[in-house]
Each structure stands twice: as C-alpha cells, then as structure tokens.
Amino acid sequence: MTLIQMTLILCAIFFVSGASALIFETLWFHQAGIAFGNSVWASSLVLSGFMGGLALGSAAAVWRGDRLGPPVRTYAVLELIIAVSGVSLVFLLPSLGTLATPVLKPFISQPWVLNPLRLLLAFAFLLIPSTAMGLTLPLLTKALVMADPNFGRVLGRLYGWNTLGAVMGAVVAETHLVKILGIHGSALTAGSLNIIAAMSAALLYRHFRSLTAPTAEAGTKTLQWSGSRSWLGAAFLSGFALLALEVIWFRFLLLFVVGTSLSFAVMLAVVLAGISLGGLFAAFWLRLRPDSYRYAVAISVTSGLLCAGTYALFPTILAPFAGASIIGFGPVLKISIPLMFPVSFLSGIFFTFVGTALRREFPTATATTGVLTFANTVGATLGAFAGGFLLLPLLGMEASFFLMALLYGAIGLLVFTKCQAPRQVLYPIGAVFVLSLVLFPWGAMFREHLMIPAGRWSAAHPWQVLGVREGVSETILYIEELIFGKRQHVRLVTNSYSMSSGQFNARRYMKLYAYLPVAVHPDPRNVLLISYGVGSTAKALTDTESIAAIDVVDISRDILEMNSLVFPDPAELPLNDSRVRVHIEDGRYFLKTTDETYDLITGEPPPPPMAGVVNLYTREYFQLVRERLNEGGFVTYWLPLHSLGDGSAKAIIKAFLDVFPDASLWHGWKEDVMLVGTRDARGPVSVERFEQQWRDPRVADELKAVGLERPEQLGALFIGDANYLRDLTRDDLPLVDNFPQRILSDSALGTGSSGLYRSLTDTEAAQARFTASPLIDNLWPASAIQATLPYFEFQRIVNELIDMSGHPFDKSIDDLHLVITQSMLTAPIMWFMGTSSDAQRALESLSPDEREVPVRQYHAAARLISERRFEEALELLHRAEGNQNLFSSARMFRTYLLCLLQRIDDARWLALDTYPILQQDSRLESWWDLLAETCGVDPRS
C-alpha cells in the first residue's frame, strides 16, 4: 500500500469519525436538555463539559501521547471507547438526570449554586467520550507524520476531513437520522460509525509498522514553551474569537431566520464547512510552499476585515428576501454562507498555520497537535461563554462584531514578529482593515436590522418599538401597535418570531387557559403557569381572587423584567401580585425537581418546531405534568395548529391523550386551540360556581372584551373529547422523547395545519359531540349544557369571521343579522365591522374633537350597533361616509339599520340613491337580498 493510499484511507476514517462526533454531540445536547433542562445555562454547561473533555484529551496528548503505543492501534482503541461510552451516554443521560435530581433539588431556587453543580455533572458525564475524541487528532497526526514529514500538510488534511465529516453528521442527523431512527437508533448508528473507524484503523495498522518509528522523532527536542507563547496565544485567541463570533452570528441571523433545529443545523454546517475547507486549503498551500504559514498575520487581519465587512454588507445579502421570515434548508443556507463562511474558512487556514509554526518548538507531532488543540479548545470554550453571557448582554451584537474584528487584528499583531510575511501583502491588507473599522456601520442594528422583525409582525398597523434587550438567551423586542395614535396592544417578538401579543384575539385564547378550568373546578387554589409571554394568562389568574398561589416558570429573566412595558401601571402587573412566585427555569426541569402539586397547570411554550422546545410537548413531559397535578386537577395547554403540519399536531394530541384519558380539544382563536386534561376530575359544579366569573366585575369586563360574553359561550368552544381524539389520531404515533422529529422542524411554521383545522370548525358536529360527551356530562351543570346548545351556531359565525378578514362585504350579512336579532352578543358585530375592544379602548381615550374624523366615527358607530343603539349609530355612519374608503360600507350599514328601525321609506330612498353607485359590486347581492326579505326594500326591481 502506497503512502498516498494510506493517507487517503486515514482521512476517510477520520471523516467517518467526525460525522459520528457531531451526531453524538447533537444527541447529547438533546438528552442533556431532558436531564438538566433547555435553559441557556444548561445548554452552555453541557457545551463546556463537551469542550472541556476535548481539551483534557488534547492535554493528555501533550504529556502522554507518545507513551500510548503505536498511534493507529491506539486510535482504534479510542474509537471503540467513544462508541461504547457515547452510546451509553445517550441511553443513560435522562436517567442520570433523574438520579441527580435529589442532589440538585435543594438548589433549584439558587442558580449560582445549581449551575456550577450542573457543570460538574455535565463534565463528569461527558468526560470519557469527549476526552477520547480530544486524543484522536494528535494520534493520527503522529501516525501520518511518520510517513510524511510535512506536518502542516498532514495537520490540515486530517483537521479538514474530520471537520468535513462533522458537517455531514450535523446535516444528516437533523434531516434524516433522528427522524427515521429516533434518538436511540441514531446513537447506535453513530456508535457503528466509530466501530467502522476502529476496525478500519486496526486493519491499516500493520501497514504503518514498516514506517519510521516514532522514537526516531521523539527526544530530538524539549518543550520550548517560551518560544511558542505567541503562537499558543494566537491559537487560544483564535478559538475564542471564532466561537464567540459563532454565538454572535447565530443570534444575529435569528433576527431573520426562524429558529428551528434545522436552521441551527444548517448554520452550524456552514461554520464547520468553512473550517474544514480552510484546513484542506491550508494543507494544499503548505504542499506547494512549506513556509506559507508566514502569511498567518495576513490571514488573521483579513478575518477581522471580513468580520466587519460582512456585517456592513449584510443588507445586500438580505435584500432578496424582502423582509420575509427565512425558513428551510436552502434559504437559511443562502443567508448564512455570505456572513459566516469567509471568516470560518480563514479560521481553518489559520489553525493549520499556527500548528505548522508550533511544530518548530515541540519535540513530537503528538505534543504539537495536543498543545495546539488544547489552547484552541480552551479558547473556544471561553469564547462561547463570553459571547453569550458577556458580549451580547453587555455590548450587543453590533459592538460585539466590531470587537471581534479588533480581536482578529490583535491576533495578527501577536504573531507579527514571528511570521516575516511580505510587507507588500501586509500593508494593503492592514490599510483596508483599518478602513473597515473606520467605516464600520454604527447604528445599523437599530436603524435597519432590528426593524425588520419588528415590522414583519406589525406591518398592518402603525407601530413603534417600546423596548429592546439583547439578553443572554434571545433578542427581545416589545412593540406597541397603534390605532388612532394610541396603544392598541403590545407585541413580544423574540429574535425573528412573534411569541406573544396583547391583542384581543390573543388574549382570548390565552386567558381561556384560566377561564375554562376556573369555571368547572370546584376550588382551584394552587396554579402553575409554564411560559409567561406578555402575561395575559398570568393576568387572568391574578384577576381570579380565589386562587391562593401562582408559580410562574419561564426560561427568560429578561422577558419578565421587561413586562412592565405591557403593564405600565404597577398595580396591574401580574408579577407584582403577592401570590406570584417566579422561577427562572426550564419548565420540564422545574416539574422534575419541584415537590409542589397544583390544581391547575397551564402552559404556552414557544411553538414546538422551535429548537429545544419539543421536550415540552412529548408524552414523557405530559406525564410529568400529570404527576404534579392534585387529584381532580386540570391541565390546559396550547396547541398552535398554525405552526404544525397535520401529522405533527396529531402526534402531540396522541401524546397528550396517552397521559390524559379524558383529554379534550377546544377552540381558542382560529388555529390557536387548547388541549384540556384532568387528573380524574369529578363534577359537575353548581351553576352558581360555573357562572361566577361573569359576576365578577373585573373578570367579566375582560371576558366581554375578548368575546366570551356569556357563560354559555364557554361550552360552545368544545371541539371533541377523548373518543373523538382517539378517532382523529387512530393512525398516528405519539410524540415521544425518543422520536422528537415527529414534530417536523420546518414543516409548518407560518403555513398552518389548514386541513386539520378545517375539520375542527364543523360546529354542528361539535354540538352533537358536546351533547353526547361523558366528559361534559361529568363537568358541566345540566342546565348549562342545554343553555349552551344554541351558542354553537354563534361559534360557527365567530369561526367564519376569523377566517374572513377585510371588507364587511366579504362576510355574510345573514350571519350579522342573526347575531343582532337572535342574541345580545356584541363582539361578533364589532369584528364583522372591522373593530375590536382594543380599538374601542383607544377611541375612548381620545378627546371629543379627536373623534371627529370619519374613520373614528365609523368605529364608534360599530360599537353603538353592537349595543343595539341604532338611532345613535345612524348619524355617526353618515359622517363616516365622508371617507371615500368607508363610503360603501357606511352607506349599506345605514340602509340596514333603517330597515331594523322600520323606517322603511328612509331605507328605500337611501337604497335607491346607493344602488347606482354600488351596483357593480357583486358582493352586495346578499345584502340586497336581506333588505328585500326583512323590510321589502329592493332597488334592483
């Protein structure tokens, strides 16, 4: 076997090993999230454990690497160790987390004690496989250097192919492996790759025995620490810079990219691909010119130039997407490559060049590679921490980009005297680097970049940014959407996604999580709220005086601290309520460690496809919820159909149903529906208890504002009970921890589960299920059941109003007539006319003079119509006709009201005057039909 053949085989083996390593890392992070929670602290602590093990392996290579025996044979043994320990860790991590719970539980409210303990546990659990991984590069470098004395070329090849394998592992694990085989099957696959690498290395070992023995290299030098300090500092700082920059890049891209697990996999793959191809390019360059490491200064300074330049040019990169949310493999790749690949590519070159320079100072290839990777890995570990916990929260993204550019320049200065690079290369690059710093686009973050996600979710109304915080775990924007120049509601946007809103329709479904269980539970006292959002559910809970204690669990301290922007009156801020206790923690980890039990547990985590969130929707998670419920307790949980494909939604329903045999599904608002389960609840409550919330003035006002004006409307939100859900999910598998990709990460965010949702809007079928449901018979007062039945027809109208936004002529005038004449409901009438309680609140805050504007007169008329004050509304509608855009709808509503008031002659005159103007609008045929039927007014005849 020739040298070239052996080199190619070893590179292929190391490619396979790199793929396995990234698959394992992905799986360990997922399992550690189950064991320790998915908070930013837990994720960072697991990363530190992994990186710490790699550093420890590199350190072992420095001191003991040449005493471990033949390198290829030792490498084969290490691959076997990685296979066994890596697979074991995947299978055991969730259980190890459970076993560690008694140790960690006393410190659940003391994060500065809890997080170091988590670090120690994470480090201990990851120590064996990650240390073995850290030894592999030094050993294979030693093996190939025996046959090829060009150390830099060997290092670049191995480093490049191993990292290229990591690219493959990151992408394949996310796109195929976990989806098909699950977490455990993927672990066995990764372990199998290590075994293949080990067996291949063992077969190759005999060919290396004929090469130069390692002792020929050993002993020629002693460790030259003093001469290598600059290069070791460069290795440390370059690792620090790249990992800190990776954190900054990812946070920056999340302003435009929807943060699914696939998005993170693609972004990581771009960084790794840059590093790997940079290493391979360096190997090629060193083959042509063994002294090319002299250009390390130019490489580092160019990295700083590109760090600043790619940020400055990013608006051009983003322009083709026109402000839209970016999701999916291809779009994320298109936006990630121009930003991250150039610096990553140069980082791969720089790492190889530093190793080449260090080789002159150390006695063996093993020691050289070990000390290089040790310094670089330690720097990377600290860089990841500094990026997330210091740079972003203290300086923000923009200043952090500038600081990283400066750091790359400083790294170049550090090795300037060691390189002797041609001045004709360094001076132009240095000049352009300085120019990039002078022209750095200060202010672009707030002037341009942050406005894109803010405007994306608020474009339908005038808006302004109330507050921005670049926190430890996310970038937070609180946006005030305006109407009539006044606050309509506040929206919370984290990174690129609108996570919550105080809009009336959002409040309707969020507060329902409290309103429904409070109505049918005899005496809810202790409540747990998982995920705070803008505080709507929490406000419904604190408005309920009978509740004695409310635990709020949220992963973001920053979101909670900024919530006063939503509730500027301290007396209204739910977090100021004396009954509220706040826990900054992952919801699943809190359930695992708390001893408290609750009468109600409610949750609205981020959408399940978001990275790391799926653990809050699995069967195992719902089992934890059930275990924390008191006997007779309720759980209410968000099911966002707009963020899920049909199969994904059914997988969650099936998981919930497996744990709660009495599960039921309820309308909230459009595709925001609610799962409800109980721990053997028994009822029914009395009618007085059921209707109590509608007699409480504080709660009743808000119930009316969100369109739940009558107790009977509550039951009309019913979609189906457990029998219906079993039929619905008969052919589906539940979402479980081992198969998290039964929630497809990019299948539906922004597209909606339209097929499933349409099947849920059949209120006639829901009414029949309501009447026959054992669950309803158990929980609802008998008289309330009968009183609810007519309101299913009004729920049908609400469903259709939700689906038909825009001009009133696009909606069914027959439905409006039914609501006006057959009920005393007000909200559907206002929604029909394009207004809401939010707009009415803003209108009431205006002075009388400020209301004398046609569009405001129209909104005021809508409220009067909803209150059946038709005579007063007529005059306001007449004034509203002064607005050209409102003329047609104002005129038709006037005609309709005149009919209702039996002013037939006036109605006929107005219709005859209007018809020639609007006769071309075919949408008005149903309006003319209704007028003809109700009062004999038909201008068409």
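Quick note: structure is the one above.
Source: prediction; values computed, not measured.

A. Expanded view of the overall build of the protein chain. Counting its regular elements, the protein chain contains 39 helices and 12 strands. The C-alpha radius of gyration of the protein chain comes to 32 Å, within 12% of the 30 Å expected for a compact globule of 941 residues. Considered along the principal axes of its C-alpha atoms, the protein chain spans approximately 110 × 60 × 50 Å. Expressed as a percentage of its 941 residues, the buried residues of the protein chain come to 62%. A fraction of 79% describes how many contacts in the protein chain between residues 6 or more apart in sequence connect residues 24 or more apart.

B. Focus on the layout of surface pockets. Considering only enclosed or pocket space, the second largest pocket measures out at about 890 Å³ in volume. As for the second largest pocket, its lining consists of 31 residues, and the residues nearest its centre are Arg507, Glu702, Ala705, Ser837 and Arg841. Of all elements in the fold, only β3 (486-494), α16 (504-520), α17 (536-542), α24 (697-705), α33 (827-832), α34 (837-844) and α35 (854-866) reach the threshold of two or more residues within the lining of the second largest pocket. Considering each element in turn, the lining of the second largest pocket owes the most residues, five residues, to α24. Among the residues forming the lining of the second largest pocket, the class breakdown is eight nonpolar, eight polar and 15 charged.

C. The pattern of salt bridges, seen in detail. A complete count under the given rule lists 43 salt bridges for this structure. A salt bridge links Glu572 to Arg698; the shortest N-O distance between them is 3.3 Å. Taken as a pair, Glu572 in the loop between α18 (557-561) and β7 (580-584) and Arg698 in helix α24 lie far apart in primary sequence, 126 residues in all. Here Arg698 falls in the partly exposed class, since its relative accessible area comes to 42%. The closest approach of N and O atoms between Glu800 and Arg796, which form a salt bridge, is 3.0 Å. Separated by four residues within a single helix, Glu800 and Arg796 lie in helix α31 (residues 791-803), roughly one turn from each other. Here Glu800 falls in the partly exposed class, since its relative accessible area comes to 31%. Overlapping salt bridges, with partners in common, bring together Arg507, Lys511, Glu702, Asp838 and Arg841 in one network.

D. The arrangement of α34 in detail. When you tally the buried positions in α34, you get six out of eight residues, the bulk of the element. For α34, the full list of buried residues reads Ser837, Asp838, Ala839, Gln840, Ala842 and Leu843. Elements that come into contact with the buried residues of α34 comprise β2 (475-483), β3, α16, α24, α33 and α35.

E. Main features of the sheet that holds strand β11 (residues 672-678). Read from one edge to the other, the open sheet built from eight strands follows the order β7-β6-β5-β8-β9-β11-β10-β12, with strand pairing classed as mixed. Because the sheet does not close on itself, it has two edges, and the strands there are β7 and β12 (718-720). Within this sheet the neighbouring strands show an average axis-to-axis angle of 20°, counted without direction. Summarising the sheet, strand β9 (residues 629-640) and β11 pair through seven bridges and their orientation is antiparallel.

F. Local environment of the packing of helix α36 (residues 870-880) against helix α37 (residues 887-900). One can describe the packing of α36 onto α37 by two numbers: an axis separation of 9 Å at closest approach and a directional angle of 160°. On the basis of their axis angle, the class for α36 and α37 is roughly antiparallel. Considering the relative orientation of α36 and α37, their crossing is left-handed. Residues Phe870, Ala873, Leu874, Leu877, His878 and Ala880 of α36 lie in contact with α37, whose contacting residues are Ala890, Phe893, Arg894, Leu897, Leu898 and Leu900. Residue classes in the contact of α36 with α37 are distributed as 10 nonpolar, one polar and one charged.

G. Expanded view of the state of the cysteines. As enumerated under the stated definition, the model contains one disulfide in all. A sulfur-sulfur separation of 1.9 Å characterises the disulfide bridge that pairs Cys899 with Cys935. Remark: Cys935 occurs in helix α39 (residues 925-935) and Cys899 occurs in helix α37; sequence separation between them is 36 residues. Classification of Cys935 by relative accessible area gives buried; the value is 10%.

H. Structural context of the environment of Phe504. With respect to the helices and strands, Phe504 occurs in helix α16. Accessibility expressed as a relative area gives 8% for Phe504, which makes it buried. A C-alpha to C-alpha distance of 35 Å links Phe504 and Gln919, two positions 415 residues apart in sequence. When neighbours within four sequence positions are excluded, Phe504 is seen to be in contact with Trp669, Ala705, Val706, Trp831, Ser836, Ser837 and Asp838.

I. Broad picture of the pairing of β3. For β3, the tally of buried residues reaches seven of nine residues, placing the bulk of the element in the interior. Note: β2 against β3, eight bridges, orientation antiparallel. In the sheet register, Ile479 faces β3, and the bridge partner there is Arg491. Where β3 meets strand β4 (residues 497-501), four bridges bridge the pair, whose relative direction is antiparallel. Looking at β4, one finds that Val493 is bridged to Ser498. Taking the residues between adjacent antiparallel strands as the criterion, β3 and β4 are bridged by two residues, where Asn495 takes a positive phi near 55°.

J. Representation of the environment of Gly53 within the structure. Mapped onto the elements of the fold, Gly53 is located in helix α2 (residues 40-64). Sequence spacing of Gly53 and Arg908 is 855 residues, and the spatial spacing of their C-alpha atoms is 85 Å. In this structure, Gly53 is in contact with Phe123, Ser130 and Thr131, ignoring residues within four places of it in sequence.

K. Geometry of the sheet that holds β2. With antiparallel pairing, the four strands of this open sheet are ordered in space as β1-β2-β3-β4. Among the strands making up the open sheet, the edge pair consists of β1 (463-470) and β4. Neighbour to neighbour, the strand axes of the sheet diverge by 25° on average, direction disregarded. Packed on one face of the sheet, helix α15 (residues 451-458) meets β1, β2, β3 and β4 and runs near 135° to β1.

L. Spotlight on the environment of Phe433. Its place among the elements puts Phe433 in helix α13 (residues 423-438). Ignoring anything within four residues of it in the chain, the contact list for Phe433 reads Val301, Gly304, Leu305, Ala405, Leu406 and Gly409.

M. Inspection of the packing of helix α8 (residues 296-312) against helix α10 (residues 329-358) at higher detail. Packing of α8 against α10 brings their axes to within 9 Å, and their N-to-C directions diverge by 165°. Between α8 and α10, the crossing angle belongs to the class labelled roughly antiparallel. Considering the relative orientation of α8 and α10, their crossing is left-handed. Contacts between α8 and α10 involve Ala296, Ile299, Ser300, Thr302, Ser303, Leu306, Cys307, Thr310 and Tyr311 from the first element and Pro338, Leu339, Pro342, Val343, Leu346, Ile349, Phe350 and Phe353 from the second. Within the contact of α8 with α10, the residues separate by chemical class into 13 nonpolar, four polar and no charged.

N. Layout of a nonpolar patch on the surface. A cluster of nonpolar side chains, Leu390, Leu394, Leu395, Leu403 and Leu406, forms an exposed patch at the surface whose accessible area comes to about 450 Å². Mapped onto the elements of the fold, Leu403 is located in helix α11 (residues 365-414). For Leu403, a relative accessible area of 32% gives the class partly exposed.

O. Inspection of unusual backbone geometry at higher detail. The step from Gly683 to Pro684 runs through a cis peptide bond, and the omega angle for that step is 0°. Within the fold, Pro684 resides in the loop between β11 and α22 (687-690). The backbone of Gln902 shows a phi angle near 60°, a positive value even though the residue is not glycine. By the element assignment, Gln902 lies in the loop between α37 and α38 (904-918). Classification of Gln902 by relative accessible area gives exposed; the value is 55%.

What counts, and at which threshold
- Residue positions are counted from 1 within each chain, in the order its sequence is given.
- With pLDDT at 70 or above as the cut-off, local features in this predicted model cover only qualifying residues; side-chain atom pairs require 80 or more to be listed or tallied, and sums for whole chains, interfaces and linings still use all residues.
- Note: side-chain values were computed over all heavy atoms of the structure, leaving out hydrogens and water.
- Under the scheme used here, helices are H or I runs from DSSP no shorter than 4 residues and strands are E runs no shorter than 2 residues, and both carry numbers assigned from the N terminus.
- The reference for a compact globule is 2.2 Å times residues^0.38; the radius of gyration itself is calculated from the C-alpha atoms.
- With a 1.4 Å probe rolled over the protein chains alone, any residue whose accessible area is under 20% of its type maximum counts as buried; one over 50% counts as exposed, and the rest are partly exposed.
- Residue contacts are defined here by distance: any two heavy atoms, one from each residue, within 4.5 Å place the two residues in contact.
- Using a 1 Å grid laid over the protein atoms alone, points where a 1.4 Å probe fits but cannot get out form a cavity; open sets with protein on both sides within 12 Å along at least 5 of 7 lines form a pocket; any residue with an atom within 4 Å of a point counts as lining.
- Grid points are joined across faces, edges and corners, and a volume is the space filled by probe spheres set on the points.
- All amino acids are sorted into three groups, where Ala, Val, Leu, Ile, Met, Phe, Trp, Tyr, Cys and Pro are nonpolar, Asp, Glu, Lys and Arg are charged, and the leftover types, Gly among them, are polar.
- By salt bridge we mean one thing: a side-chain nitrogen of Lys or Arg within 4 Å of a carboxyl oxygen of Asp or Glu.
- For two strands to count as paired, DSSP must find a minimum of two bridges between them.
- Note on geometry: axes are C-alpha line fits, over the in-contact stretch for helices, and angles between N-to-C directions span 0 to 180 degrees.
- Throughout this description, any angle smaller than 35 degrees is read as roughly parallel, any larger than 145 degrees as roughly antiparallel, any in the 65 to 115 degree range as roughly perpendicular, and the remainder as oblique.
- Whether a crossing is left-handed or right-handed is set by the direction in which the near helix is turned from the far one by less than a right angle, anticlockwise for left-handed and clockwise for right-handed.
- Two cysteine sulfurs form what is called a disulfide whenever their separation falls within 2.5 Å.
- Here a patch means residues that are over 30% exposed by relative accessible area and free of salt bridges, tied together within 9 Å if like-charged and within 5 Å if nonpolar (Val, Leu, Ile, Met, Phe, Trp, Tyr).
- Surface accessibility follows the Shrake-Rupley procedure with a 1.4 Å probe radius. Residue values consider only the protein chains on display as shielding.

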